[in-house]
Amino acid sequence: MVDEFMEAILYVNGVRRVLPDGLAHMTLLEYLRGLGLTGTKLGCGEGGCGACTVMVSSYDRTSNKCMHYAVNACLAPLYSVEGMHVISIEGVGHRKRGLHPLQESLASSHGSQCGFCTPGFVMSMYALLRSNKNPPSEEEIEESLAGNLCRCTGYRPIVDAFRVFAKTNDALYIGLSSLSLQDGSSICPSTGKPCSCGSAATCGDGRFQPISYSDTDGAKYSEKELIFPPELLLRKLAPLKLRGDGGMIWYRPVRLQYLLDLKAKHPDAKLLVGNTEVGIEMRLKRLQYKVLIFVGQVPELNTVNVSDNGVEIGSALRLSELLKLLRKVVKERPAHETSACKAFIEQLKWFAGTQIRNVASIGGNICTGSPISDLNPLWMASRAEFRIINCSGDVRSVPANDFFRGYRKVDMESNEILVSVFLPWTRHLEYVKEFKQSHRREDDIAIVNGGMRVFLEERGEELFVSDASIAFGGVAPVTLRARKTEEFLTGKSWSKSLLQDALKVIQSDVLIDEDAPGGMVEFRKSLVLSFFFKFFLWVSHHVRDVKPSIEAFPPSHMSAVQSLSRPCRVGRQDYETVKQGTAVGLPEVHLSARMQVTGEAEYTDDTPVPPNTLHAALVLSKMPHARILSIDDSESKSSLGFSGLFLAKDVPADNKIGPVVADEELFATDVVTCVGQVIGVVVADTHENAKAAAGKVEVVYEELPAILSIKEAIAAKSFHPNTEKMLRKGDVELCFQSGQCDRIIEGEVQMGSQEHFYMEPHGSLVWTSDGGNEVHMISSTQDPHRHQHYVSHVLGLPMSKVVCKTKRIGGGFGGKETRSAFIAAAASVPSYLLNRPVKLILDRDVDMMISGHRHSFVGKYKVGFTNDGKVLAYDLEIYNNGGNSLDLSQAVLEIAMLHSDNVYDIPHVRIIGNVCFTNYPSNTAFRGFGGPQGMLITENWIQRIAAELDRSPEEIKELNFQVEGSITHYSQCLHHCTLHQLWNELKTSCNFLKARGEVDEFNSHNRWKKRGVAMVPTKFGVSFTKTFMNQAGALVHVYTDGTVLVTHGGVEMGQGLHTKVAQVAASAFNIPLGSVFVSETSTDKVPNASPTAASMSSDMYGAAVLDACEQIKARMKPLAAKLSFNSFAELASACYFQRIDLSAHGFYIVPDVGFDWISGKGNPFRYYTYGAAFAEVEIDTLTGDFHTREVDIKLDLGYSLNPAIDIGQIEGAFVQGLGWVALEEVKWGDAAHKWIKSGNLLTCGPGNYKIPTLNDIPFNFNVSLLKGNPNSKGIHSSKAVGEPPFFLASSVFFAIKDAIKAARAEMGLGSKWFNLDTPATPERIRMACFDEFSSPFVSLDFSPKLSV
Ligand SMILES: Cc1cc2nc3c(=O)[nH]c(=O)nc-3n(C[C@H](O)[C@H](O)[C@H](O)COP(=O)(O)OP(=O)(O)OC[C@H]3O[C@@H](n4cnc5c(N)ncnc54)[C@H](O)[C@@H]3O)c2cc1C
Ligand code: FES
Ligand code: FES
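Note that this is a predicted model, so its numbers are computed, not measured.

Student: Can you help me understand the overall build of the protein chain in this one?
Tutor: Each helix and strand in the protein chain was counted, giving 36 helices and 49 strands. Rg of the C-alpha trace for the protein chain: 31 Å, near the compact-globule value of 34 Å for 1348 residues, within the 12% margin. The buried share among the 1348 residues of the protein chain stands at 65%. Of the contacts made within the protein chain by residues no fewer than 6 positions apart, 77% connect residues no fewer than 24 positions apart. Measuring between centres, the 136 positive side-chain charges of the protein chain sit 2 Å from its 150 negative side-chain charges.

Here is the structure:
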């Protein structure tokens, strides 16, 4: 046994740090944030969001090179980077030192909204630039960002910001080191553009040329790139033995023999390399391992040996290295030898994100034995062999085909380890192909994957199958070999009839139980056949190069095997700039952008905590509906670092809370009504200890019957009390009976919910002051006023003694409007009672489980129309899933009802709505607030009318459009209706008729790929429908140096509110924007503020600020008129000496709004924002995969206050809407998903809930604003923007439906109406494309199950 070397070191941003013993349980992220480097964010803790990305540099002794790569710090064990250099966002650029060009570009391209994701994006891109000698291609840039999520921007500006660093013109890149242009300036190696620094000399090896300037002294960014610390080049790699919490031991052997000795000594030790499996097991499944052996640096496990027979690959090789190796091999070896290598290359493209591939090993993937491993089916198909060594040094070889034994069980004993994998070359006429279908194309685990191989033999004019391997993942508890099919194929002649027969055999070979975990049984079965069909076609296509006599498939069938060609994203933004004063109307950059790109911007979790702070974790119900029989805290009390458990009995004042009605309990008393309901709160010395102690609170329940869907609620009449609402216009009954309607259709539309997935989870830091007499808090909320109210209410304090502050939040989208307040209130109880600061930050899974979603809806409609397509009557019963408390569900339902006309003039309307009570966490506000759901129901039946009449949906829409002066079904008259203008301009700019023709042409030539187009209009009403909420306050101070401090009641959550408000103040005083500062939102500055919601904030707070500015200006006016001043500062100073008050409180109420629900009449909205969108998509009918080829959006925003910010809102809302309609599926344990525990949420992390990535945005993404249409009812003639564009994403949904229609037409189904629920996931798309591969399993009208 080798002696352990104990001093562990790490360089962080160029600074040497000795790593103390005892931190083996810690991640790199915890360590960095503990150092105060809070620029690196915790978004999910499971490697799925990229917010924690840092760059790790290490010295590779084999190649004698420094390697730079992006990693997820949340999964990297701290000691795994021992001896390396970690660069976090703080090491890249800083406002004082100067920003890095990447940061500068991202800020100025409007690529940072809430900013929570921003450091992660910068770091991914930074690592890409540093790891490449040459500038990357645009494609490489997009690939490298696949592991980074952004919920705000819609990605387009991020891509644009980074695109300037791409190699765009090869001619520019020859002899990169210090290129000189003819005019004497240089080309910057990092940007590939002529250098703006003006100095040719520094462009050499420094790689990134500074192009920005320090905020403090205006100096150039002159720091050299942080170099690789010389000590690390010289330092010997030594073994490590270090400890961690709970007796954990961490070993790092650096020789195989030492590893084998360790394994002999600790047979139960967990080996790890990338920790991307083990880390998840420990964090999410709470598995504990006492001994961890990090094998990533054992040279024998990292070797690669290319021989005449194949390539032997060390088991610790990282997947990104594997990719490089295979690409090299493919270039160097004869083509027929590398069929398997190419299949691996293709499969690895869709394997996780870059950060995961940079650390995850092939051995980790193989030894986990996951049934959905992407690589295992390929190892099996390609005849790979695994070399295994035991502790005595005996080596054995196991064919991959025999290695996988059961669910996560492999053929390896506890005294064995995997040394290497041998991948043989393929032979002439041997073909290997990979398959994978997931929810989301990029960075997602497979639903079904596969690896297939066939080795053919020439006999005369025919080809015979000499040998075949067919393996599938995702269809059984283990990667499954389709043995019967393999046997069946062997010896047969390769022909079309073989395909037909083999498809029958495979059905009996791959059987999936009806109640198999994972569900989607019909989809998975169809995929198996579809994949095999694709394989057959692919091989047939290739063999025809060798044997042209082999019977060909029709050319249109080639669409089954043509792989997706993914052009780089492009977008056009078209707007007019109407400048008003110094700043209003200009496309100014978000005021915090420069702080966000450097990681300096602080969020709740980044606030330095006061000494003595405790960390809180919630005790949550595990039952959907149950009586609490007992709560046992004895185990919890003895848990490490425990400081207290607080239950309902401990709440100092009222335990009842609720934003509209007090129908919730802060801590459950007798009965719990959903999984995730808060029963109590535990506080301890650390976050991890608090979670552990909370997990040890034993609650005994008596189970009660639960209601787990809207349909169950309707059947049981389970509605929230007094929520039934009705709107009525004309007389629907009479109209249906009158015979005026040529046709009457009835149907049902159901749509799933949506998780907010703001990047920053909920969190609050609460502390007391003045001996416990006052309570203060910093909260991540859209509604600080509600936090103040809840906390004062549960503690029994006057509101005047409670202050809530919010600097900025990392996204809200409605999710932090009400559902954040109970979290602050829960933290306030221990803080108040113990008189100590308490911090409560929710883990992503807890956040997703307990804080509510967008409401799922069911709409039952009856529509009467004429044969011309004119709609005469609309009768709708509409239900939303409120969950276990009312929260805002009533208002959400009302907005859905008010938007149920979308843009259509319907003479007779009746809408009856109800809020369902279900045993789920309370659903809540989400961008659009019910509007999109109401409109989607309508657009569905509009489509159906088109199908009934065999006309285009666009024609039917136009025929029924509202016009100037139309009266809605709630009696509001439409003024300044720009719908027609918008629609016609869009129709022309997207060349709709041409697009339609081209799509039809494409579809006629492609059997298995179909395209579709759609145009969708929207009209979004702007105002809070509760009249009293339409009020806003602001506080403006002018200082004697001429600078202005603005505070107002709105919260900055990325939407650029503070920037717009500052523009209003700057223009009001006629001063530069830089002279205005908008401070944090605080309840002690502006009281009783409404939540930042309903897209109203710029209108309301802009007007309130303007009011305050006007008051101050009025006071300054007499002096300004009397004397002349050279500057505003001189004027302000003079006013001060004249004792003129330079501070004012501004106030604004939205005029002329009000609605009476009893009569169902009134003006609920101040005005409407109109818009329209065109979308073109392409679907793979065999797998359900889709991509959006083009989107054109046109919106009427009056005279935009800031067109750049508004474009960002439109793109962000659209992509979020695209997630809602086509990607994001919330799955609950309900009757539709019996394999999920009753009432539990499956989709509670980025691992199985998929928001759009960069790869999901339209290839061509164009946004334009309507020109020349000032809005007389908005501040500075602008219009609200946050919510209106969201619904336009339904154009993608209807384009998908159009494409499916073309696929069904191939089956003779013509224009027959069919149902498609949202979200239109690959499962729904594929199953709706009814064909010979799905028909064995489903009927024509099959609809995959949906949690509603
Ligand atoms: C965000 C995310 C996305 C992912 N996406 C995908 C995906 O698209 N496709 C997919 O297939 N997987 C995916 N995974 C799963 C995972 O990344 C892979 O399985 C990865 O290859 C595991 O490698 P690792 O080095 O991180 O394993 P580790 O977690 O370090 O180890 C995993 C297991 O392997 C064992 N092990 C490791 N090396 C050896 C050895 N030499 N001998 C014996 N046992 C050994 C360990 O003991 C451990 O049990 C994803 C994971 C995450 C977190
Ligand atoms: S926090 Fe690490 S990937 Fe999300
Ligand atoms: S800016 Fe990307 S998540 Fe907010």
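Student: Help me understand the nonpolar core, please; the structure alone is not making it clear to me.
Tutor: Nonpolar side chains in soluble globular proteins tend to end up buried together. Formed by 158 residues in total, the largest nonpolar core has its most connected members in F162, W941, F1214 and I1296. Ranked by residues supplied to this core, first place goes to helix α34 (residues 1203–1222) with 9 residues. With residues up to four places along the chain from it excluded, the contact list for F162 reads L102, L106, F121, V122, M125, I141 and L145. Membership of the second largest hydrophobic core comes to 77 residues, among which are L29, V71, L78 and L240.

Student: Can you help me understand the site of ligand 1 in this one?
Tutor: Residues in contact with ligand 1 amount to 32 residues; listed here are only the nearest, K270, L271, V273, T276 and S361. One of the backbone nitrogen or oxygen atoms of L418 is found 2.9 Å away from a nitrogen atom of ligand 1. For ligand 1, the accessible surface in isolation is 990 Å², of which the surrounding protein chains cover 92%. Within the residue set of the shell around ligand 1, elements represented by two or more residues are β8 (270–272), α8 (278–283), α12 (362–368) and β16 (416–424). No other element matches α12, which puts 5 residues into the shell around ligand 1. Of the residues belonging to the shell around ligand 1, the class tally is 15 nonpolar, 11 polar and 6 charged.

Student: Looking at this structure, how should I read the sheet that holds strand β30 (residues 725–729)?
Tutor: In a beta sheet, neighbouring strands are held together by backbone hydrogen bonds and run either parallel or antiparallel to one another. Pairing is mixed across the open sheet formed by 5 strands, whose spatial order is β30-β38-β37-β36-β31. Edge positions in the sheet fall to β30 and β31 (743–751), since each of these pairs with one other strand and no more. Within this sheet the neighbouring strands show an average axis-to-axis angle of 10°, counted without direction. The pairing of β31 with strand β36 (residues 857–865) spans 9 bridges and is classified as antiparallel. Counted as the bridge partner of E746 is K862 from β36. Against the sheet, helix α27 (residues 931–949) touches β31, β36 and β37 (871–883), its axis set at about 140° to β31.

Student: In this structure, what is going on with the UniProt feature "binding site: Mo-molybdopterin" (unreviewed entry) in the protein chain? I would like to understand it.
Tutor: The feature "binding site: Mo-molybdopterin" (unreviewed entry), as given by UniProt, occupies Q782, F813, R927 and A1094 in the numbering adopted here. Sequence-wise these annotated residues cover 313 residues; spatially they are packed, their C-alpha atoms never more than 12.5 Å apart. Residue position: F813 is located in the loop between β34 (802–806) and α24 (821–834). For F813, a relative accessible area of 13% translates into the label buried. Discounting residues that sit within four places of it in the chain, F813 has contacts with R151, C152, H756, Y758, Q782, A925, F926, R927, M1053 and Q1216. Residue classification places R927 among the buried residues on the basis of a relative accessible area of 7%. Those residues in contact with R927 that lie beyond four places of it in its chain are F813, R854, P932, Q1209, G1212, A1213, Q1216, G1282, E1283 and F1286.

Student: Got a minute to help me understand the side chain of N655 in this structure?
Tutor: Inspection of the secondary structure assignment puts N655 in the loop between β24 (642–646) and β25 (656–657). A polar atom in the side chain of N655 sits 2.9 Å from the backbone oxygen of F667. Those residues in contact with N655, other than ones at most four positions away along the chain, are A648, E664, E665, L666, F667 and T669.

Student: I'm lost on the packing of α27 against helix α28 (residues 953–960) in this one. Help?
Tutor: In a pair of packed helices, the angle between the axes and the distance between the axes together describe the arrangement. Between α27 and α28, the least distance of the axes is 8 Å, while the angle of their chain directions is 115°. Here α28 runs roughly perpendicular to α27, going by the angle between their axes. The hand of the α27/α28 crossing is right-handed. Facing E939, I942, Q943, I945, A946 and L949 of α27, the residues of α28 in contact are P953, I956 and K957. Residue classes in the contact of α27 with α28 are distributed as 6 nonpolar, 1 polar and 2 charged.

Student: Explain the packing of helix α2 (residues 101–108) against helix α3 (residues 118–131) to me, please; I cannot follow it from the model alone.
Tutor: Across the interface, α2 lies against α3 with an axial gap of 10 Å and an inter-helix angle of 135°. The angle between α2 and α3 places the two elements in the oblique class. In this structure, α2 crosses over α3, and the sense of that crossing is right-handed. For the pair α2 and α3, contact is made by L102, Q103 and L106 and by T118, V122, M125, Y126 and L129, respectively. Here the residues of the contact of α2 with α3 sort into 6 nonpolar, 2 polar and no charged.

Student: Looking at this structure, I do not really get the pairing of β34. What am I missing?
Tutor: Within a regular beta strand, the side chains point alternately toward one face of the sheet and then the other, so they alternate between its two faces. Taking burial as the measure, the 5 residues of β34 include 4 buried ones, the bulk of the element. Both strand β33 (residues 774–779) and β34 contribute to a ladder of 4 bridges, which runs parallel. Counterpart to V775 in the pairing with β34 is V802. The parallel pair β33 and β34, bridged by helix α23 (residues 784–795), forms a crossover whose chirality is right-handed.

Student: I'm lost on the UniProt feature "binding site: [2Fe-2S] cluster 2" (unreviewed entry) in the protein chain in this one. Help?
Tutor: The positions that UniProt labels "binding site: [2Fe-2S] cluster 2" (unreviewed entry) are, in the present scheme, C114, C117, C150 and C152. Separation in sequence by 39 residues is not matched in space for these annotated residues, since their most distant C-alpha atoms are only 9.4 Å apart. Its place among the elements puts C150 in the loop between α4 (138–144) and α5 (156–163). By relative accessible area, which is 5% here, C150 ends up buried. Contacts of C150, omitting those with residues within four sequence positions, involve C117, F121, Y155, I158 and I1251. As for its placement among the helices and strands, C152 is situated in the loop between α4 and α5. Apart from the residues within four sequence positions on either side, C152 is in contact with Q113, C114, F813, G1208 and G1212.

What counts and what doesn't
- For every chain, the first residue of its written sequence is number 1, and the numbers climb from 1 along that sequence.
- In the order they appear in the text, chains get letters beginning with A and ligands get numbers beginning with 1.
- Two thresholds apply to this predicted model, a pLDDT of at least 70 for residue-level local features and 80 or more for giving and counting side-chain atom pairs, whereas whole-chain, interface and lining totals are computed over all residues.
- Hydrogens and water are ignored here; the side-chain numbers use all heavy atoms of the structure.
- Note on conventions: DSSP H or I runs of at least 4 residues are helices, E runs of at least 2 residues are strands, and numbering of each starts at the N terminus.
- Radius of gyration means the value over C-alpha atoms here, while the globule rule gives 2.2 Å times the residue count to the 0.38 power.
- Each residue gets one of three labels from its accessible area relative to the maximum for its type: buried under 20%, exposed over 50%, partly exposed in between, using a 1.4 Å probe on protein chains only.
- We call two residues in contact when some of their heavy atoms are within 4.5 Å.
- For the charge count, each Lys or Arg is scored as positive and each Asp or Glu as negative, with His and the chain ends excluded.
- Charge positions are represented by NZ for Lys, CZ for Arg, CG for Asp and CD for Glu.
- Take the buried Ala, Val, Leu, Ile, Met, Phe, Trp, Tyr and Cys residues and link them wherever side-chain atoms come within 4.5 Å; each set so joined is a nonpolar core.
- One heavy atom within 4 Å of a molecule or strand is enough for the residue carrying it to be called near that molecule or strand.
- Here a polar contact is taken to be a pair of N or O atoms separated by no more than 3.5 Å, where protein atoms must pair a possible hydrogen donor with a possible acceptor and residues adjacent in sequence count only if both atoms sit in side chains.
- Accessibility throughout is a Shrake-Rupley quantity obtained with a 1.4 Å probe, and a residue counts as covered only by protein chains that appear here.
- All residues other than Ala, Val, Leu, Ile, Met, Phe, Trp, Tyr, Cys, Pro, Asp, Glu, Lys and Arg, Gly among them, are scored as polar; the first ten of these are nonpolar and the last four charged.
- Whether two strands pair comes down to DSSP finding at least two bridges between them.
- Comment: axis = line fitted to C-alpha atoms, over the contacting stretch for helices; angle = value between 0 and 180 degrees taken between N-to-C directions.
- UniProt positions are given in the numbering used here, feature names are shortened, and annotations may be inferred rather than shown by experiment.
- Between 65 and 115 degrees an angle is taken as roughly perpendicular, under 35 as roughly parallel, over 145 as roughly antiparallel, and anywhere else as oblique.
- What makes a crossing left-handed is the near helix being turned counterclockwise from the far one by less than a right angle; a clockwise turn instead makes it right-handed.
- Orient the strands so they point away from the viewer; a crossover is then right-handed if the path from the first strand over the helix to the second runs clockwise.

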